[in-house]
Amino acid sequence: MYNVLLTDISIENFKNVESSSIQITKIPVSLGDTSTIKGIYGQNGSGKTTVIQALDIFKNIVLRKPLREDMFFYILAGKKSCTLSFSFYITQDDDKIKYKINYSVSIEKEKSGKCHFSNETLKRSKYIENEGWNNFLPVFKCSFDDPIKVFEPKNKYESLIKANKENIVNLS
């Protein structure tokens, strides 16, 4: 069984937020340490709705839904792209296996008024008993604007597509 906690959200050039980070939950000391968010409050224009909309975009990415039709207007005026990052704390098997996960996506404006993903990264860190957390290691990185480095590391791409050969894209 997995337990997943959202710990942090970082937003750049999204709606009215140029750059901001929010720590939602502290990483618990043990499985029984339950820290939950009860609500979001603040002054008008402080970014409450922006956080909810960033989470909605993340949800749609996870569910493999297309970008919003009006995404162009979600990118801060005068900026070419926005970046949304989400950090998670995941435990498995009664807190014996622990991970920190960071997912980041950049969305770029097109001249046509539409938007596309320009970069996507997933990194993880594993907790090792008596040693602590190891450095964040890339699980994958996609650079959609760079045809040479569409998917890194290449061996991860190959392991993902080996079961379905019709999904192969030449990465050389």
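Scroll up to find the structure.
An account of the accompanying structure is given in this report. (Residues numbered from 1 in each chain as written. Predicted model: local features only at pLDDT ≥ 70, side-chain atom pairs only at ≥ 80, totals over all residues. Heavy atoms only, no water.)

Within the largest apolar cluster, 23 residues are counted, with the highest numbers of intra-cluster contacts made by Ile11, Phe14, Ile57, Met71, Leu84, Phe86 and Ile107. Contributing elements (two or more residues each) for this core: β1 (2-14), α1 (48-62), β3 (81-92) and β4 (97-109). When near neighbours in sequence (up to four residues on either side) are disregarded, methionine 71 contacts Phe14, Ile57, Cys82, Ile107 and Cys115. (Core = buried A, V, L, I, M, F, W, Y, C linked by side-chain atoms within 4.5 Å. Buried < 20%, exposed > 50% of the residue type's maximum accessible area, 1.4 Å probe, protein only. Helix = DSSP H or I, 4+ residues; strand = E, 2+ residues; numbered from the N terminus. Contact = heavy atoms within 4.5 Å.)

Once that is clear, we can look at the packing of aromatic side chains. All chains considered together, the criterion is met by seven aromatic pairs. With a centroid separation of 5.7 Å and an interplanar angle of 75°, the aromatic rings of phenylalanine 72 and phenylalanine 73 are classed as edge-to-face. A relative accessible area of 24% means that phenylalanine 72 is categorised as partly exposed. Judged by its relative accessible area of 68%, phenylalanine 73 falls in the exposed class. Through a chain of ring-to-ring contacts, three or more aromatic side chains come together here, namely Phe58, Phe86, Phe88 and Tyr103. The residue whose ring lies beneath lysine 98 is tyrosine 127, and the NZ or CZ to ring-centre distance is 4.7 Å. The aromatic ring of phenylalanine 72 is capped on one face by lysine 109, whose charged end is 4.8 Å from the ring centroid. (Phe/Tyr/Trp six-rings, centres within 6.5 Å; stacked < 30°, edge-to-face > 60°. Lys NZ or Arg CZ within 6 Å of the ring centre and 35° of its normal.)

Taking 1.5 Å of rise per residue, the 15 residues of α1 would be expected to cover 21 Å, and the 22 Å separating its terminal C-alpha atoms lies within 8% of that figure. What α1 keeps buried is the set Thr50, Val51, Gln53, Ala54, Ile57, Phe58, Asn60 and Ile61. Next to the buried residues of α1 lie β1, β2 (17-23), β3, β4 and β5 (115-128). Two residues or fewer after α1 comes arginine 64, characterised by a positive phi angle close to 60°. (Expected span 1.5 Å × (residues − 1).)

Let's shift gears to the pattern of salt bridges. A complete count under the given rule lists five salt bridges for this structure. Ionic pairing is found between aspartate 70 and arginine 68, a salt bridge with its closest N-O pair at 2.9 Å. A relative accessible area of 29% places aspartate 70 in the partly exposed class. A single network of salt bridges, built from pairs that share partners, joins Asp56, Lys59, Arg68 and Asp70. (Salt bridge = Lys/Arg side-chain N within 4 Å of Asp/Glu carboxyl O.)

Located in the positive-phi region is lysine 15, a residue other than glycine, with phi close to 55°. Of note, lysine 15 is situated in the loop between β1 and β2. With phi around 65°, asparagine 130 is a residue other than glycine that occupies positive phi space. Examined against the element boundaries, asparagine 130 turns out to sit in the loop between β5 and β6 (132-133).

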